[in-house]
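Spelled out, the chains give:
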Amino acid sequence: MAIASGAAFGLVALAGVVTGLSGYAFHYAKGTSYLSNDPRACINCHIMREEFDGWEKGSHHAHATCNDCHVPQAFFSKYFVKLEHGYRHSKGFTFQDFHEPIMIKPSSDRVVQQNCVRCHASLVGEITGHAGNNESLRCIHCHDHVGHGATR
Amino acid sequence: MTTPVVNAKHARGRWIAYCAAFGIFAAAGVGVAMLVANISERKHEAKSAGFKLVELTEDTIDPAEWGKNFPRQYDSYKRTVDIERTRHGGSDAFQKIDDDPRWRRIFAGYAFAVDYREERGHAYMLSDQDMTERVTKFAQPGACLHCHSSILPAYREAGRQAGITDEPARAQEQIMKGFEVVCAMPYAEARKLVDHPVSCVDCHDPNSMQLRVTRPGFLNGISQLAKSDATLAHLPSIERWRKEGRRGEYAPNAMASRQEMRSFVCAQCHVEYYFKGPGKLLTYPWHRGLKAEQIEAYYDDVGHKDWVHAESQTPALKAQHPEFEMWSQGIHARSGVACADCHMPYIREGAIKISDHHVRSPLLNVARSCQVCHRYAEEEIQARAAAIQDRTKSMMDRAESALLDLLTAMSSAMEQGVATESLASAQHMHRKAQWRLDFVAAENSMGFHAPQETARLLAESIDYSRQGFAEVARARAAP
């Protein structure tokens, strides 16, 4: 019995070490910043530097930050999307196995569209108010420079 | 009460569970430690720009030395040895006059009818020039080496020997004098003065790494271009120099923006040129502007011909590789996109971004070259480029056929006794048609650099060939 409880103590200690190490890794990688709305969190890993720089010069700079356009606004869906993005981005950056230049995923594109309409609803109500499929409407197809400046 | 057998089984099961748990925690610990190391590495990469291991000077020609300080750029520079075909070009030295034998006749009487191979990557520029039959079978001047080698130290030495001393104030004068001397030398003699193809020092200041232009031909050419009245909306620093009263000389190294320099360094060589006068001084004919007809007008002014066509006796022009000139007419130039944006796109290695020094066709690297601005699938981008190039190719085919028809008409008229003098206006049309066709054919983008300009030139070429055809008929009908 003494040996078994000794082993159990060892395991608990080991689990503590792993938890501590993980906690430090989380802190070292600025993990808490990802829970915030600070745009600087998006350039922790250098990949989105151009997007960030472009946003600083874009017309929406004064009115919207990354999260205003790129994640849903409802609490649960917001953190679910952050979780999904966080997993995909950290996996990509760690294993260096993603397509470059980075391009928006269809699901994220829909989030952006919803957020365009969220703020500009009164302006575009006559357009989006039509019955039927509004999925094909993409504000940024023409207004592609508002977020990150001109690209084409 | 449990039996000792059951007890022993329990104990073994517990031990296995403990061992498994230990293994899992240990592996998790290793994983977390590795993740921390990886994050640390990326953070470190983002901070360190480079280490200075060797001293670089204006005389450090060997790229391997520069590679010690800039290993990433050097790695990609070395890849210019790669040989790859694209749909209409690439870096494979196929013989163009076998691929399309019409060009043998188009260049009849000229060295290009003997050997006209597609150029390979930067790494081969000097060795390929040693091998081309245009050099081995024809007399060529030292002027060729201006762009086929890293030649600045040779120019300085030649300038020194011609009596220009090493004072810093006379540095540029010394280079310009050496340039004159080496241009006039026979090729074989000048060849002994150089031993590397284009190198880092040709585009970078060895102290600051800033982009700079060094080639005398370009410095003279851009200065002439600035003095002209041609519209240059895509070169804002020249427009500014003009607006501010055209004081002194336009000096690209001091006045051009970094983005303009990212095209100028390429424009040092990827341009139209000719060898001026008996001194064979390499000259970029930009005195009236960069468009084909502006260059042609300059050549007409100075009475230049590249060769006399063997069939028609026309004093004809051969276009070299007017990439800078053609790009200048296109939408990318107009939008502020530099050569390097597409041909040396940024690549990321870990947390560091560098420009790819493996200079090559963007069609081999569409994701990094095009997709950065054009957010479409790679196949879509390839298809758009192919549409432009295939249209250009089919129009070029027609222009070639029209030119051959003119040549046939002219030579049969001559055989039947029509005097060469009475074919002067047909020759004039031949010269114009040849120049426009060749301005497109010799340019290495198959129309992509400026699709509409290319189409305009080919349309004019076809028109001049047909006008020439009519002139032959008129000459035959004349009493």
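Computed from a predicted model, the values in this text were never measured in an experiment.

1. Looking at the overall build of chain A
Turning to step 1, where the next piece is worked out: Secondary structure assignment for chain A yields 7 helices and 0 strands.
Turning to step 2, where the next piece is worked out: Order of helices (α) and strands (β) in chain A, N terminus to C terminus: α-α-α-α-α-α-α.
Turning to step 3, where the next piece is worked out: Summarising its shape, the C-alpha atoms of chain A cover approximately 75 × 35 × 30 Å along the three principal directions.
Turning to step 4, where the next piece is worked out: Counting every position in chain A, which comprises 152 residues, the buried fraction comes to 8%.
Turning to step 5, where the next piece is worked out: Considering only residue pairs separated by 6 or more positions, chain A has 64% of its internal contacts joining residues 24 or more positions apart.

2. Overview of the interface of chain B and chain A
Turning to step 1, where the next piece is worked out: Chain B puts 24 residues into the contact, and the matching count from chain A is 21 residues.
Turning to step 2, where the next piece is worked out: Those elements that provide at least two residues to the side of chain B that touches chain A are helix H1 (4-47) and helix H20 (366-369) of chain B.
Turning to step 3, where the next piece is worked out: Per-element accounting of the side of chain B that touches chain A gives the leading share, 15 residues, to H1(B).
Turning to step 4, where the next piece is worked out: Grouping the constituent residues of the side of chain B that touches chain A by class yields 15 nonpolar, 4 polar and 5 charged.

3. Some words on unusual backbone geometry
Turning to step 1, where the next piece is worked out: Geometrically, the link from Glu100(A) to Pro101(A) is a cis peptide bond, its omega value of -5° lying close to zero.
Turning to step 2, where the next piece is worked out: By secondary structure assignment, the location of Pro101(A) is in the loop between helix H4 (75-95) and helix H5 (106-128).
Turning to step 3, where the next piece is worked out: One non-glycine residue, Arg246(B), adopts positive backbone phi at about 50°.
Turning to step 4, where the next piece is worked out: Of note, Arg246(B) is situated in the loop between helix H13 (236-243) and helix H14 (252-255).
Turning to step 5, where the next piece is worked out: For Gln313(B), which is not a glycine, the phi torsion comes out positive at approximately 60°.
Turning to step 6, where the next piece is worked out: With respect to the secondary-structure elements, Gln313(B) resides in the loop between strand S3 (307-308) and strand S4 (315-316).

4. Re H4(A)
Given 3.6 residues per turn, any residue in an α-helix points the same way as the ones three and four places further on.
Turning to step 1, where the next piece is worked out: Here H4(A) contains 21 residues, and its C-alpha end-to-end distance of 30 Å stays within 8% of the 30 Å for a straight helix at 1.5 Å per residue.
Turning to step 2, where the next piece is worked out: Where H4(A) ends, the next residue or the one after it, Gln96(A), has phi of about 55°, a positive value.

5. Notes on the domain arrangement of chain A
Turning to step 1, where the next piece is worked out: Each domain of chain A was delimited in the assignment, giving domain 1 (1-35) and domain 2 (43-148).
Turning to step 2, where the next piece is worked out: For domain 1 of chain A versus domain 2 of chain A, the separation of C-alpha centres amounts to 36 Å.

6. A look at the packing of helix H21 (residues 378-415) of chain B against helix H23 (residues 451-477) of chain B
Residue and element names in this part refer to chain B.
Turning to step 1, where the next piece is worked out: Close contact between H21 and H23 brings their axes to 9 Å; oriented N to C, the two are set at 15°. Our classification of the angle between H21 and H23 gives roughly parallel. For the element pair H21 and H23, the recorded crossing hand is left-handed.
Turning to step 2, where the next piece is worked out: Tallied by class, residues from the contact of H21 with H23 come to 17 nonpolar, 5 polar and 4 charged.

7. Some thoughts on the nonpolar core
Residues and elements named next belong to chain B.
Turning to step 1, where the next piece is worked out: By size, the foremost hydrophobic cluster in this structure holds 55 residues, and its most contacted members are Tyr 155 and Val 182.
Turning to step 2, where the next piece is worked out: Leave out the neighbours within four places in its chain, and Val 182 touches Gly 142, Leu 145, Ala 154, Tyr 155, Ala 158, Ala 190 and Leu 193.
Turning to step 3, where the next piece is worked out: The next biggest cluster of nonpolar side chains, apart from the first, holds 33 residues, and it includes Ile 106, Ala 399, Leu 423 and Leu 458.

Scoring rules and cut-offs
- Residues numbered from 1 in each chain as written.
- Chains lettered and ligands numbered in written order.
- Predicted model: local features only at pLDDT ≥ 70, side-chain atom pairs only at ≥ 80, totals over all residues.
- Helix = DSSP H or I, 4+ residues; strand = E, 2+ residues; numbered from the N terminus.
- Buried ≥ 20, exposed ≤ 12 C-beta atoms within 10 Å, placed from the backbone.
- Contact = placed C-beta atoms within 7 Å.
- Nonpolar A, V, L, I, M, F, W, Y, C, P; charged D, E, K, R; others polar.
- Expected span 1.5 Å × (residues − 1).
- Domains from an automatic or database assignment.
- Axes fitted to C-alpha atoms, helices over the stretch in contact; angles between N-to-C directions.
- Parallel < 35°, antiparallel > 145°, perpendicular 65-115°, else oblique.
- Left-handed = near helix turned anticlockwise from the far one by under 90°.
- Core = buried A, V, L, I, M, F, W, Y, C linked by C-beta atoms within 7 Å.

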